Amino acid sequence: MKFTSKDLAINACIAALYVVLTTINPIGHGMIQVRVSEMLAILPFINRKFIPGMIVGVTVANFFSPLGYIDVLVGVGCAVVSYTISYFIKNLWINVVQYAVVCGLIVSLMLKSVLGIPYWPSVIAIFVSTLIVGMIGAVIFNTLKERLKLVD
């Protein structure tokens, strides 16, 4: 895969947009979270060149979390696990589902460990919200991928 300066600029924009959309969101952390920024997390399922932008975006955005460094580690961990799995799954829609599952399971484990929030209700809440936002992002970016030149 050839990574150009244009790809670097696009990744920087993705990271910055993810950070802004996460930090201005009043319900972007905790058990009940709806992150509009998660729509961008779908981009690496369309083109793997966007993985660095998402990893940087998640890292920086989660520094602003009330949970701090643990949220950074967990958020980056979710992204790395999901993008690794997506290497073997080429279907966008299945990847959106597996991303929501990974986020639900891992983030809920952190919330239970750190805040004592019940695990399974948290898994369901995070899975559902991530799935809804992810599906919206998948529809938008899959529809516009040629126009936005998301694919090579």
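How each quantity is defined
- Residues numbered from 1 in each chain as written.
- Predicted model: local features only at pLDDT ≥ 70, side-chain atom pairs only at ≥ 80, totals over all residues.
- Heavy atoms only, no water.
- Helix = DSSP H or I, 4+ residues; strand = E, 2+ residues; numbered from the N terminus.
- Rg over C-alpha atoms; globule rule 2.2 N^0.38 Å.
- Buried < 20%, exposed > 50% of the residue type's maximum accessible area, 1.4 Å probe, protein only.
- 1 Å grid on protein atoms, 1.4 Å probe; cavity = no way out; pocket = protein on both sides within 12 Å on 5 of 7 lines; lining within 4 Å.
- Points joined across faces, edges and corners; volume = space filled by probe spheres on them.
- Nonpolar A, V, L, I, M, F, W, Y, C, P; charged D, E, K, R; others polar.
- Core = buried A, V, L, I, M, F, W, Y, C linked by side-chain atoms within 4.5 Å.
- Contact = heavy atoms within 4.5 Å.

Novice: Got a minute to help me understand the overall build of the chain in this structure?
Specialist: Tallying secondary structure elements over the chain gives six helices and zero strands in all. Against the compact-globule benchmark of 15 Å for 152 residues, the chain has a radius of gyration of 15 Å, which places it among compact chains. Reported as C-alpha extents along the three principal axes, the dimensions of the chain are approximately 45 × 25 × 25 Å. Counting over 152 residues, the chain shows a buried share of 46%.

Novice: Explanation requested: unusual backbone geometry in the structure shown.
Specialist: One non-glycine residue with positive phi stands out, namely Lys149, at about 60°. Its place among the elements puts Lys149 in the segment after α6 (119–144).

Novice: Any chance you could explain the layout of surface pockets here in plain terms?
Specialist: The gaps of empty space that remain are located by a probe, the size of a water molecule, rolled over the atoms. A volume near 260 Å³ is recorded for the largest pocket. Contributing elements (two or more residues each) for the lining of the largest pocket: α3 (51–63), α4 (69–85), α5 (92–115) and α6. With six residues, the single largest contributor to the lining of the largest pocket is α5. Classifying every residue of the lining of the largest pocket gives 15 nonpolar, nine polar and three charged.

Novice: What am I meant to see in the nonpolar core here?
Specialist: Core analysis: the largest hydrophobic core is formed by 37 residues, its most contacted members being Leu43, Met54, Tyr83, Leu92, Val107 and Phe141. Among the elements of the structure, α1 (5–23), α2 (43–46), α3, α4, α5 and α6 are those that each provide at least two residues to this core. With nine residues, α5 is the single largest residue contributor to this core. Discounting chain neighbours no more than four positions away, the residues touching Leu92 are Ile42, Phe45, Ile46, Ala138 and Asn142.

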